[in-house]
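# An overview of the molecular structure
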Amino acid sequence: MVKRLSGDKPLDKGGISKIVAMHNSALECISLLEDIMNLIFLCYHFVFLVVLSFVLFGISKYSNDFPADRVFTFLLCALGKVLAMCYTGKRLNDLAAELSFVIYDTKWYDAPLDIQQNILLMLQMSQKRVGLTAGKFYYADMESFAELVNESYSYYLIMKKMLDN
């Protein structure tokens with residue numbers, strides 16, 4: 001939860017400067033995390049897509065000979081990892097959106113001009129979507145998680161239909 005920037009207290013230049021510096025630092029950390037993890041996320045999403053499709057296919061085709069307990073444990077772990085990555089991306093985006101509302105909710109219009117400019121700059125920077133991406137192709141959030149599971153199921157159905165024909 002993002003805390004309020006101002007209540008009844010007047011906005012002072014030192015406090016706003018600290019908040020702006022912390023906001024810039026947070027954006028730099030998110031950018032660094034994104035640079036480090038985006039290819040890892042892309043690879044993991046792709047591998048999960050393929051593995052889930054083939055495991056579903058294997059279960060439907062070879063249900064009697066399939067080691068169900070080990071496969072379901074593996075799937076739950078893989079699903080949990082992708083879900084955790086997507087939830088983290090969603091949470092970062094939600095916090096950034098909440099921050100823009102908190103910034104706007106302050107009495108920035110009563111502050112001196114230099115503080116107003118800092119707050120407006122922070123407000124403008126908080127409007128940009130932040131979060132984790134998979135190879136900078138798409139954001140890793142709950143919607144992309146649902147799409148990933150749907151795509152895996154679609155590929156499974158295609159493989160099953162091809163084998164049935």
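Residues numbered from 1 in each chain as written. Predicted model: local features only at pLDDT ≥ 70, side-chain atom pairs only at ≥ 80, totals over all residues. Heavy atoms only, no water.

### With respect to the overall build of the protein chain
Tallying secondary structure elements over the protein chain gives four helices and two strands in all. In the protein chain, the order of α-helices and β-strands from amino to carboxyl end is α-α-α-β-β-α. The C-alpha radius of gyration computed for the protein chain amounts to 23 Å, which surpasses the reference 15 Å derived for 165 residues by more than 25%, pointing to a less compact arrangement than a globule. By principal-axis analysis of the C-alpha atoms, the protein chain measures approximately 75 × 25 × 25 Å. Relative to all contacts within the protein chain whose residues are 6 or more apart in sequence, the contacts with residues 24 or more apart total 79%. Of the roughly 10,900 Å² of accessible surface on the protein chain, 64% is carried by carbon and sulfur atoms. In the protein chain, 16 side chains carry a positive charge and 17 a negative one; their mean positions are 2 Å apart. (Helix = DSSP H or I, 4+ residues; strand = E, 2+ residues; numbered from the N terminus. Rg over C-alpha atoms; globule rule 2.2 N^0.38 Å. Contact = heavy atoms within 4.5 Å. Areas by Shrake-Rupley, 256 points an atom, 1.4 Å probe, with all protein chains shown as cover. Lys, Arg positive; Asp, Glu negative; His and termini not counted. Charge placed at Lys NZ, Arg CZ, Asp CG, Glu CD.)

### A short note on the nonpolar core
Among the nonpolar cores identified, the biggest contains 20 residues, and Phe41, Phe48, Leu75, Val82, Cys86 and Leu148 are the most heavily contacted of them. The element best represented in this core is helix H2 (residues 68-105), accounting for eight residues. Here Phe41 is in contact with Met85, Leu132, Thr133 and Ala134, once residues within four sequence places are set aside. Ala111, Ile119, Met122 and Leu123 belong to the second-largest nonpolar core, a separate cluster that totals 10 residues. (Core = buried A, V, L, I, M, F, W, Y, C linked by side-chain atoms within 4.5 Å. Buried < 20%, exposed > 50% of the residue type's maximum accessible area, 1.4 Å probe, protein only.)

### Examining the side chain of Ser53
Structurally, the position occupied by Ser53 is in helix H1 (residues 13-61). The exposure class of Ser53 is buried, given its relative accessible area of 3%.

### Focus on the packing of aromatic side chains
A full pass over the atoms with the stated rule returns one aromatic pair. Across from the ring centre of Tyr139, 3.9 Å away, lies the NZ or CZ of Arg129, which sits over that ring. (Phe/Tyr/Trp six-rings, centres within 6.5 Å; stacked < 30°, edge-to-face > 60°. Lys NZ or Arg CZ within 6 Å of the ring centre and 35° of its normal.)

### Re unusual backbone geometry
Unlike most non-glycine residues, Lys136 shows phi in positive territory, near 60°. Relative to the assigned elements, Lys136 resides in the loop between strand E1 (133-134) and strand E2 (138-139). Judged by its relative accessible area of 55%, Lys136 is exposed.

### What to know about a nonpolar patch on the surface
On the surface, Phe46, Val47, Val50 and Phe54 cluster together into a nonpolar patch covering about 380 Å² of accessible area. Taking the relative accessible area as the measure of exposure, Val50 reaches 31% and is therefore partly exposed. (Patch = residues over 30% accessible without salt bridge, like charges linked within 9 Å, V, L, I, M, F, W, Y side chains within 5 Å. Salt bridge = Lys/Arg side-chain N within 4 Å of Asp/Glu carboxyl O.)

### Some thoughts on the environment of Phe48
Among the secondary structure elements, Phe48 is positioned in helix H1. We classify Phe48 as buried; its relative accessible area is 4%. Note: C-alpha distance between Phe48 and Glu34 (14 residues apart in sequence) is 20 Å.

Limitation: the analysis is restricted to geometry and does not speak to function.
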